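# Survey of secondary and tertiary structure
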Amino acid sequence: MEALELPTASDWLDIRLLSSESGSRYLVAGYTEGGEEEYKSHLWKGGEGEAQEITPQGWTVPNEQWGGYGMITGAALLDNGTLVVINSPNIEILNGEDGSLLESEQMTDYYDGMMTDGENVYLYSRSSIGSASMEIQKCRDGKLSGAETITFSESAAGVEFCALPDGTLIAAGEDGIFRGKDASGNMEWEKLMEGVETEFALADGWCTGITATQDGRIYAVFQSSAGGNTLKKYEYDPEAVTEVKETLRLYTVYDNSILKQAAVGYHKAHPEVLITVEAAYPMYYYDETDYNTVYQNLNTMLLGEDAPDILVMDHLNIESYAEKGLLEDINDVLKPMEESGEVLSNITKSYVKEDGSRYVVPLQFAFSMALGRDITAGDMESMETLAAFLSQSDYSYMGPMTVGELVERFYPYFCREMVKEKQLDKETLGTYLEYLKKIAENCGIQASRDENERAFNMWELASQAKLAFYEADGFNGSMAPIAMAEYVKGEFTAFENSFIPSMQMGICSKSQYKDTAKDFLKFALSEAVQGTDYYSGFPINTASLEALAGRDRSDAEAETAIEADGSFVEFTIKDFSPETAQRLVEICKGLNKPTGEDAKIQEVLTEALEGYLNGAQSKEDTVQKVEDGLKMYLAE
């Protein structure tokens, strides 16, 4: 088997090596052979001498419905000498001697994860990873008929499974390592280790497989996002005592990989300190956020004895919490880091108050990338220049928009400027209203949209649109819009030179561990945490920004289809050039003001602008209408 050479002609090779204690060895491999275009799966049997190919006949016959060949997404070797494979939509049982098909059973549910204890096969769906619970099917000898259902009710985020010969199951993910044992017909799960004690909770890599031994050892292979693989061994010792002297609670509305990376990394460097991340909504939550409940629960904690030590203030009223004395001044942490150039001071200094204090700092940021064709970067760099350009064009550059869509697109760039010290700045608002009207006249305002209809976005640049906006949230996240700009031979720039902050971290003034919290904040801004592209923002750390700019992004390349000139064409998202990467670095270093968000301001603007945009209402009346709508809100 060691000398086996596979005749693959492509870079993509999917392999699964199966072995038993008796010495039987098999290789399931999927690849495209030289001279062929179709991907096929193959089965090889090891033994004395050369490996023998015993690929089942059915794997060499194209599917009658879609024409392609089957793809093996799971494989297991049983003690009785048979092989069980997931060849969707079927479970197949194969003869281990010659690979012939013994049985085939159609799956009623989708499974792409498989493990075995030698007698039973356990099936699960990786698409359910991240949900609150997961159902695992325990199949005797790989047969679906009569399967038992096992529920894994712990957190299923990023979980990997393996099974021991006695039927014990091991589950490992970012929330910990768990052991499941059958107790009177019910699987009971015991947490062996917290996720922060392991590499499973780190976000700069992922586990590609685990195995366990009967004496309690667990082995896991991790692949790093920067390249390379490592093998880690974990041993469970029930007598071991972790000397945690300080436990700090980190509260966030939404979970994020960078928070767990920071918590795990800090605990590894300081075993006596544990940072627990408490998210109101987990990473996989997509429904609308109930901010009334969020505020109510957070206020109850902050005003009581259960206050978190560290707060992530995204989408929360930072000014209100600071004014109430609930946030600690963190200027003593940030100022030395700015003076040394360790962090991007153009971003961090935006949070300094008139008295020199500041209460939050973002761990990441994005920027609104304006993309256009038949328009220069200078003409789309701000609302002022864009309004001037569009007022001279008869072509609808962004396509028709509703009033709500127009406000949602542009109000974040003047939300902070139109309200100063809880007072409406009428002059500033009036100026931006004039810009909005010129932009709206070029777009065309429509009353509403059908539920399946949407405004133009980046993907229409190759067909109807000539201007679009995209939230560039990191170097990998910028590949698609830059590829589109190059495809349409257009340009891109940072709109309004603004940044969109994320993971705005502060420290609760009531924390008894303020010094530790500040040290953790400093760690969260370091290269150790910031050196990974999390697909959620550019790093604040200067060295990390420059290092990520120079990183190879070929593993993030992709292909899709877009509409262009009335038909669908292939669109390739490639890594951009070093020159473009450096341009992104310079853009990031030049951003100088955060965007703003305020649901009430957005609501009032949307209600007030319709008459102004259709010419039925003067600018002065519109400003007054906005002032009336915000009067009570600003006075609170």
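Scroll up to find the structure.
For the structure given in this document, a descriptive report is provided here. In this text, all values refer to a predicted model and were calculated from it rather than measured experimentally.

Turning next to empty space enclosed by the protein. Under the counting rule described, the total for this entry stands at 1 cavity of 30 Å³ or more. Quantified by volume, the largest cavity comes out at close to 50 Å³. What lines the largest cavity is Ile177, Leu192, Met193, Gly216, Ile218, Tyr234, Glu235 and Tyr236. Elements with a minimum of two residues in the lining of the largest cavity: β16 (186–194) and β19 (229–235). In terms of residue class, the lining of the largest cavity is built from 6 nonpolar, 1 polar and 1 charged.

Let us look at the nonpolar core. One finds Leu327, Leu363, Phe365, Phe367, Phe475, Met505 and Leu525 to be the most contacted residues of the largest nonpolar core, which totals 89 residues. The residues contacting Phe367, other than those within four sequence positions of it, are Tyr470, Glu471, Ala472, Thr493, Ala494, Ser498, Ile500, Phe538, Leu584, Ile587 and Leu591. Ranked by size, the runner-up nonpolar core spans 43 residues in total, among them Met380, Met383, Met401 and Val407.

Scanning the entire structure with this criterion turns up 32 salt bridges. Across the pair Lys45 and Glu97 runs a salt bridge whose closest N-O atoms are separated by 3.0 Å. One end of the pair, Lys45, is in strand β3 (residues 40–45); the other, Glu97, is in the loop between β7 (90–95) and β8 (101–106), with 52 residues separating them in the sequence. Of the charged contacts, one joins Lys260 and Asp255 as a salt bridge, the two residues approaching to 3.1 Å between their closest N and O atoms. Residue Lys260 shares its accessibility class with Asp255, and that shared class is buried. The network of salt bridges with shared partners includes Glu174, Asp255 and Lys260.

The subject of this paragraph is a negative patch on the surface. Among the surface-exposed residues, Asp329, Glu354, Asp355 and Glu421 lie close enough to one another that they form a single negatively charged patch. Relative to the helices and strands, Asp355 is located in the loop between α5 (345–348) and β23 (361–372). Under the relative-accessibility criterion, Asp355 is labelled exposed at 63%.

Rules behind the numbers
- Residues numbered from 1 in each chain as written.
- Predicted model: local features only at pLDDT ≥ 70, side-chain atom pairs only at ≥ 80, totals over all residues.
- Heavy atoms only, no water.
- 1 Å grid on protein atoms, 1.4 Å probe; cavity = no way out; pocket = protein on both sides within 12 Å on 5 of 7 lines; lining within 4 Å.
- Points joined across faces, edges and corners; volume = space filled by probe spheres on them.
- Helix = DSSP H or I, 4+ residues; strand = E, 2+ residues; numbered from the N terminus.
- Nonpolar A, V, L, I, M, F, W, Y, C, P; charged D, E, K, R; others polar.
- Core = buried A, V, L, I, M, F, W, Y, C linked by side-chain atoms within 4.5 Å.
- Buried < 20%, exposed > 50% of the residue type's maximum accessible area, 1.4 Å probe, protein only.
- Contact = heavy atoms within 4.5 Å.
- Salt bridge = Lys/Arg side-chain N within 4 Å of Asp/Glu carboxyl O.
- Patch = residues over 30% accessible without salt bridge, like charges linked within 9 Å, V, L, I, M, F, W, Y side chains within 5 Å.
- Areas by Shrake-Rupley, 256 points an atom, 1.4 Å probe, with all protein chains shown as cover.
- Lys, Arg positive; Asp, Glu negative; His and termini not counted.
- Charge placed at Lys NZ, Arg CZ, Asp CG, Glu CD.

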